[in-house]
Number of protein chains: 2
Amino acid sequence: MKTKEKSLAENIADDIIARITIDKKYAVGDKLPNENELSADLKVSRTTLREAIRILVTHNILEIRRGKGTYVKDNHALDGGIDLNTLSAFPMDVKDLYEMRLIFEPQSAYFAAKRATDKELERILHYGRLEEDLILKKQDRTEVEQAFHKSIAKATHNEFMNRLMPILYQAIGKGVILSNAKEEIVQNTLNDHRMIMEFLSNRDALGAKTAMELHIIHAMRGFGIAEE
Amino acid sequence: MKTKEKSLAENIADDIIARITIDKKYAVGDKLPNENELSADLKVSRTTLREAIRILVTHNILEIRRGKGTYVKDNHALDGGIDLNTLSAFPMDVKDLYEMRLIFEPQSAYFAAKRATDKELERILHYGRLEEDLILKKQDRTEVEQAFHKSIAKATHNEFMNRLMPILYQAIGKGVILSNAKEEIVQNTLNDHRMIMEFLSNRDALGAKTAMELHIIHAMRGFGIAEE
């Protein structure tokens, strides 16, 4: 599941996006410079530029008005208030999501160990035990797995983390489906979850963080995602 | 800027939210159990429960229909497709956002050092230098600061991180306004940014990560946000 290298045209498309979103060189509704100018400016052939524009048209970022030129569309994904829900409109791979989980979830476990109320801890353990049962009975655990991770995020008492979690579900959902296929991954999940629950119960923040890190690394290795 | 302790009613309000979002005990449109039942179930007084419900009504999560009871509203923030843009509708403090930055941005710098194309690196350095100029001239640097961090996120080649950055702007925006007030913080920013740029130029991922970590810790300390 190695990320494929981007083509030159994709890199140029990225660069055009950066000119819109970061450099504010072209605004929504603006007409891009003509092909000769733009290809010279970007230092690429006109063929590559055309391919880049085609990619951006497909992603609804540019539009070609016949006989008029190429314009920046009013795409919500481009404005300042970008919405993570539009993520699905863009190429996104499991690796991107797991990299994000690896950054985000260990620290969630750390804060949860320190900050969870007794009630919140109870909820985490409830879903953790429920998931163990389902794994042993070989039943679908997608929803319970989500509830487990969601209840940890809630216990961070960080509203931002709490709200980011649902966005990461996509990855967790995909993960559960894929990982049921391999007995080794299922065993790792059982062990990892038990450790996470034990550390959380002991209010051991560093332990909980490290166990969560291991849990996500296990999942990444199961998918064949290597670190870079 | 220490986070204030939550009141009992706020904790109960949180618990009701968890029953909706995590336990799926009450769905949108559902009527909550009556006051006696719910206060017994939640093990709180009816006064505290009423206060919790009032909080949730204010946040548009519950509604009281006169003579009928209390219902779960159809609030976008509660459904699975939660939207980080609705963050602003909830109590959110600078500490939550900086905790998130401290998790997220050092790793962004790490990946940027490893993955940035030459063009992307050029863009980062361009905004870094531009910001230095503005700081020295004591001019507003809010936008350029955002472009600097945004161009680092872009260079991670992780679409998820790239899209999370705009959400963090709120914090960065607030940060710049506040931190201009103290000469010490401005000096730290100058030094930190120079280090980040140097490490990135050398493609030194660990160096870039650590310098970014320091940069955000500096900002947090400037605001009086302590680690927990």
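The structure displayed is predicted, hence computed values, not measured ones.

Calculation criteria
Residues numbered from 1 in each chain as written. Chains lettered and ligands numbered in written order. Predicted model: local features only at pLDDT ≥ 70, side-chain atom pairs only at ≥ 80, totals over all residues. Heavy atoms only, no water. Helix = DSSP H or I, 4+ residues; strand = E, 2+ residues; numbered from the N terminus. Buried < 20%, exposed > 50% of the residue type's maximum accessible area, 1.4 Å probe, protein only. Contact = heavy atoms within 4.5 Å. Areas by Shrake-Rupley, 256 points an atom, 1.4 Å probe, with all protein chains shown as cover. Phe/Tyr/Trp six-rings, centres within 6.5 Å; stacked < 30°, edge-to-face > 60°. Salt bridge = Lys/Arg side-chain N within 4 Å of Asp/Glu carboxyl O. Core = buried A, V, L, I, M, F, W, Y, C linked by side-chain atoms within 4.5 Å.

All right, on to the overall build of chain A then. Assigned secondary structure in chain A consists of 9 helices and 2 strands. Listed by position from the N terminus, the elements making up chain A come as α-α-α-β-β-α-α-α-α-α-α. Considering chain A as a whole, with its 228 residues, one finds that 55% of them fall into the buried category. Within chain A, contacts between residues at least 6 apart in sequence are counted, and of these 67% link residues at least 24 apart. When the accessible surface of chain A is summed, it comes to about 10600 Å², and 52% of that surface belongs to carbon and sulfur atoms.

All names here are of chain A. For the structure on display, the rule yields 2 aromatic pairs over all chains. Ring centres of Tyr110 and Phe111 lie 5.9 Å apart, and the angle between their planes is 75°; on these two criteria the pair is classed as edge-to-face. Accessibility expressed as a relative area gives 21% for Tyr110, which makes it partly exposed. Under the relative-accessibility criterion, Phe111 is labelled buried at 6%.

This structure, assessed with the given rule, holds 34 salt bridges over all chains. Arg115(A) is paired through a salt bridge with Glu99(B); the nearest N and O atoms lie 2.5 Å apart. Residue Arg115(A) is located in helix H4 (residues 94–115), and its partner Glu99(B) is located in helix H4 (residues 94–115); the two belong to separate chains. On the basis of relative accessible area, Arg115(A) is assigned to the buried category, the value being 12%. On the basis of relative accessibility, which here comes to 6%, the residue Glu99(B) falls in the buried class. Residues Asp15(B) and Arg123(A) are paired through a salt bridge, measuring 3.1 Å at the closest nitrogen-oxygen approach. Of this pair, Asp15(B) sits in helix H1 (residues 8–21) while Arg123(A) sits in helix H5 (residues 118–136), on two different chains.

Here the focus is the nonpolar core. Ranked by size, the top nonpolar core spans 55 residues in total, and within it Met100(A), Leu164(A), Tyr98(B), Met100(B), Ile152(B), Leu164(B) and Leu200(B) carry the most contacts. Counting residues per element, this core draws most heavily on H4(B), which supplies 11 residues.

Residue and element names in this part refer to chain B. In this structure, Ile152 sits in helix H6 (residues 142–154). Along the primary structure Ile152 and Ala113 are separated by 39 residues, whereas in three dimensions their C-alpha atoms are 8.8 Å apart. Every residue in contact with Ile152, bar those within four places of it in the chain, is listed here: Ser108, Ala109, Ala112, Ile124, Ile196, Leu200 and Met212.

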